[in-house]
Amino acid sequence: MSSAAISSQCGSKEISLDWKVQSQERADHVKTAVQWISDPLNNMLKAQNPCDQSEVDQILSNFFMARYLEEKDIQNKKEEESCLSSKSEAVLPSPPSAKTKDKKSVDKGRKSNTAEKSLPPAEPPEPLLRGSLAIGSVSLAVAKTGAQIQDVPLYKYIAALKNKEAPTQFHIPVSLVTLLSCGKNSPGNLSLLEEIILIPKTGQRIRQIITMTLELQKEMMRIINTSTKTGATQAILCNSGAPSVSYERPEQPLDLITEVCTNIGLALGTEIHLALNCAASELMDYSKGKYEVATGVLKTPDELVDLYQTLITKYPAVVALIDPFRREDKEQWEKLSNAIGHSCLLLSDITYKSKVPPLPGVRGHILKHTCETTVSDLIHLASEHQGSVILGTTCSEPCSEDSLSDIAVGLGLDYVKLGGLSGAERMTKYNRLISIEEELAEQGILVSKEKQPPPLFTEKPQEQSTTVESPLSDTAASQLAASASTKKI
């Protein structure tokens, strides 16, 4: 259970891209987590009431903080020893060469100072403490146990924890589905667009959203396969569960989606909108002080503002940008918001940075269930940023675990981002959303939340409705299953 429950546990940028190293790091991570669960946590949680989630989560958080501080002390001592060792081994150069090198070093120093002034230094990376997976896993296991004891589904249990009592009505978060990936691991030169995400119109059932997405992808693959015959690179399936195609410019994938929508008669900008996950922090070339948006194509932060503004003007269906800059480029966040904020929402990840001041111009937030995040943490963050939190997953997920869907419904989120429509680790979550939706509809407590939370869409919000749309007919369901091929819907 420890190795499987948390879908975002491999999200740290510190983990090596080498698969052998990554596998060993993961094995060590899980081994330490199991040791924590078997001995110290097992003893600390004995006799605790599993229905007292906040008390259990406080114990887990305190334990994690103690381990974190221990690890920090060890690292500080290593750095001090390394510094002392470097000083003792330092050798003074001969006077003649020292004079020449000093002059060069001064010149280099001046250049580096200029670069530092133009580019804010990167914030220190968030440490991934080995064994921290135990914290989120045990917290989730305790929540599942409490739900079992009270004989209620996990989503209702979490909703009762969040609202201090069980709600009388529920709504299903709108599913944001990854259509295409063009990130650094894609076959082409384009690195800027990690994900192009479908934002369906609210009021639709999960089955309808999946049916529509499958239709889009079918036409998309037809166009790609046709162009392959003329020499284009064929699409490959990436870790997000969506196809990844060889592109050179950010306009190309957006032109493809525009063509697809025209061919199947889907109104882009009315029936569906798009979000772009830029993942810009991964694109910064610090030696040059610029973002590498494509191989050999470098942009300063201000030039990237202009690029986004041009894209949004040309493709008005794009109504959200996720992480368009590093957190350090606060001036550019504000500039971009002033330029396009009336029609496009800027979102940032608050999973690790929830205690720092919000970025200027950001009006939406991404929340992930990561290693040390307890259920109480998720409830607190969702309550603090109500109406703007989108529960997301990392691109590479370890297992087919569906609790994330229960968490999204229980927290009352307006949107949930689960990735593409490929792979058991994602389809299990979509299937769970469908099951919850059907269960709530049968009980007569499903609310169709047609009023938009601000402001993913530019159209005028509709009044909130409490009517429940009828499920898909048997014929439509059969068509859905056929179009899904080997996927279980």
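These numbers were taken from a predicted model, which means no experiment stands behind them.

Caption draft 1: Spotlight on the packing of helix α5 (residues 154-163) against helix α10 (residues 375-384). One can describe the packing of α5 onto α10 by two numbers: an axis separation of 10 Å at closest approach and a directional angle of 60°. As summarised for this structure, α5 and α10 are arranged oblique, according to the angle between their axes. Judged by the twist between their axes, the crossing of α5 over α10 is right-handed. Residue-level contacts link I158, L161 and K162 of α5 to I379, A382 and S383 of α10. A class-by-class count of the residues in the contact of α5 with α10 yields four nonpolar, one polar and one charged.

Caption draft 2: Structural detail: the packing of α5 against helix α11 (residues 403-410). Two elements in contact, α5 and α11, have axes whose closest approach is 8 Å; the angle formed by their N-to-C orientations is 40°. Between α5 and α11, the interaxial angle falls into the category oblique. Crossing hand, α5 versus α11: right-handed. Together, L154, Y155, I158, A159 and K162 of α5 and S403, D406, I407, V409 and G410 of α11 make up the contact between the two elements. Across the contact of α5 with α11, the residue classes tally to six nonpolar, two polar and two charged.

Caption draft 3: How the structure looks around the side chain of K162. Relative to the helices and strands, K162 resides in helix α5. One buried charged side chain, K162, makes no salt bridge at all; its nearest oppositely charged neighbour is D414, positioned 9.5 Å away. Residues contacting K162, with those up to four places away along its chain left out, are I379, A382, S383, Q386, G410 and L411.

Caption draft 4: Broad picture of the sheet that holds strand β6 (residues 284-285). Spatial strand order, β6-β7-β8: three strands in an open sheet with antiparallel pairing. On the outer flanks of this sheet lie β6 and β8 (297-299), each paired with one strand and no other.

Caption draft 5: Inspection of the pattern of salt bridges at higher detail. As enumerated under the stated definition, the model contains 14 salt bridges in all. A salt bridge links E437 to R205; the nearest nitrogen and oxygen atoms lie 3.2 Å apart. Separated by 232 residues along the polypeptide, E437 in helix α12 (residues 424-443) and R205 in the loop between β2 (195-200) and α6 (206-228) bring together distant segments of the chain. This pair shows no difference in class: E437 is buried, exactly as R205 is. Between R426 and E425 there is a salt bridge whose closest N-O contact spans 3.1 Å.

Caption draft 6: Quick look at helix α4 (residues 133-149). End to end, α4 covers 24 Å across 17 residues, agreeing with the expected 24 Å (1.5 Å per residue, within 8%). Where burial is concerned, most of α4 is hidden: 12 out of the 17 residues are buried. All of the buried residues in α4 are L133, A134, I135, G136, S137, V138, S139, L140, V142, A143, G146 and A147. Trailing α4 by a residue or two, D151 shows a phi angle of about 60°, which is positive.

Caption draft 7: Broad picture of the nonpolar core. With 48 residues, the main nonpolar core has L192, L216, Y308 and L321 as its most contacted residues. The element contributing the most residues to this core is helix α8 (residues 301-314), with six residues. Apart from residues lying up to four places away in sequence, L192 is in contact with C182, P250, N277, C278, L283, V293, L304, L307 and Y308. Grouped together as the second largest cluster of nonpolar side chains are 41 residues, L154, L367, A408 and L446 included.

Caption draft 8: Structural detail: the packing of aromatic side chains. Tallied over the entire structure, the rule returns five aromatic pairs. Plain terms: the ring middles of Y155 and F170 are 5.6 Å apart, the flat faces sit at 85° to each other, and that makes the pair edge-to-face. Note that Y155 is positioned in helix α5 and F170 in the loop between α5 and β1 (174-180), a separation of 15 residues in sequence. The two residues Y155 and F170 agree in class, both being buried.

Caption draft 9: Representation of the sheet that holds β1. Spatial ordering of the closed barrel is given by β1-β2-β5-β9-β10-β11-β12-β13, a layout of eight strands whose pairing is mixed. On average, adjacent strands in this sheet sit at an angle of 30° to one another, irrespective of strand direction. Here β1 pairs with β2 via three bridges, running antiparallel. Counterpart to V177 in the pairing with β2 is L198. Of the strands in this sheet, β1 and β13 (415-419) touch α12, which is tilted by about 145° from β13.

Caption draft 10: Up close: the environment of K429. With respect to the helices, strands and loops of the structure, K429 is situated in helix α12. By relative accessible area, K429 is classed as buried at 1%. Considering only alpha carbons, one finds K429 and L418, 11 residues apart in sequence, at a separation of 7.4 Å.

Caption draft 11: A look at the pairing of β2. The buried fraction of β2 amounts to six of the six residues, a majority that puts the element mostly inside the structure. Every second residue of β2 is oriented toward a common face, with E195, I197 and I199 on one face and I196, L198 and P200 on the other, all of them buried. With six bridges joining them, β2 and strand β5 (residues 272-277) adopt antiparallel strand pairing. Note on β5: the bridge partner recorded for L198 is L274.

Thresholds, definitions, all that
- Residues numbered from 1 in each chain as written.
- Predicted model: local features only at pLDDT ≥ 70, side-chain atom pairs only at ≥ 80, totals over all residues.
- Heavy atoms only, no water.
- Axes fitted to C-alpha atoms, helices over the stretch in contact; angles between N-to-C directions.
- Helix = DSSP H or I, 4+ residues; strand = E, 2+ residues; numbered from the N terminus.
- Parallel < 35°, antiparallel > 145°, perpendicular 65-115°, else oblique.
- Left-handed = near helix turned anticlockwise from the far one by under 90°.
- Contact = heavy atoms within 4.5 Å.
- Nonpolar A, V, L, I, M, F, W, Y, C, P; charged D, E, K, R; others polar.
- Buried < 20%, exposed > 50% of the residue type's maximum accessible area, 1.4 Å probe, protein only.
- Lys, Arg positive; Asp, Glu negative; His and termini not counted.
- Salt bridge = Lys/Arg side-chain N within 4 Å of Asp/Glu carboxyl O.
- Pairing = 2+ DSSP bridges.
- Expected span 1.5 Å × (residues − 1).
- Core = buried A, V, L, I, M, F, W, Y, C linked by side-chain atoms within 4.5 Å.
- Phe/Tyr/Trp six-rings, centres within 6.5 Å; stacked < 30°, edge-to-face > 60°.

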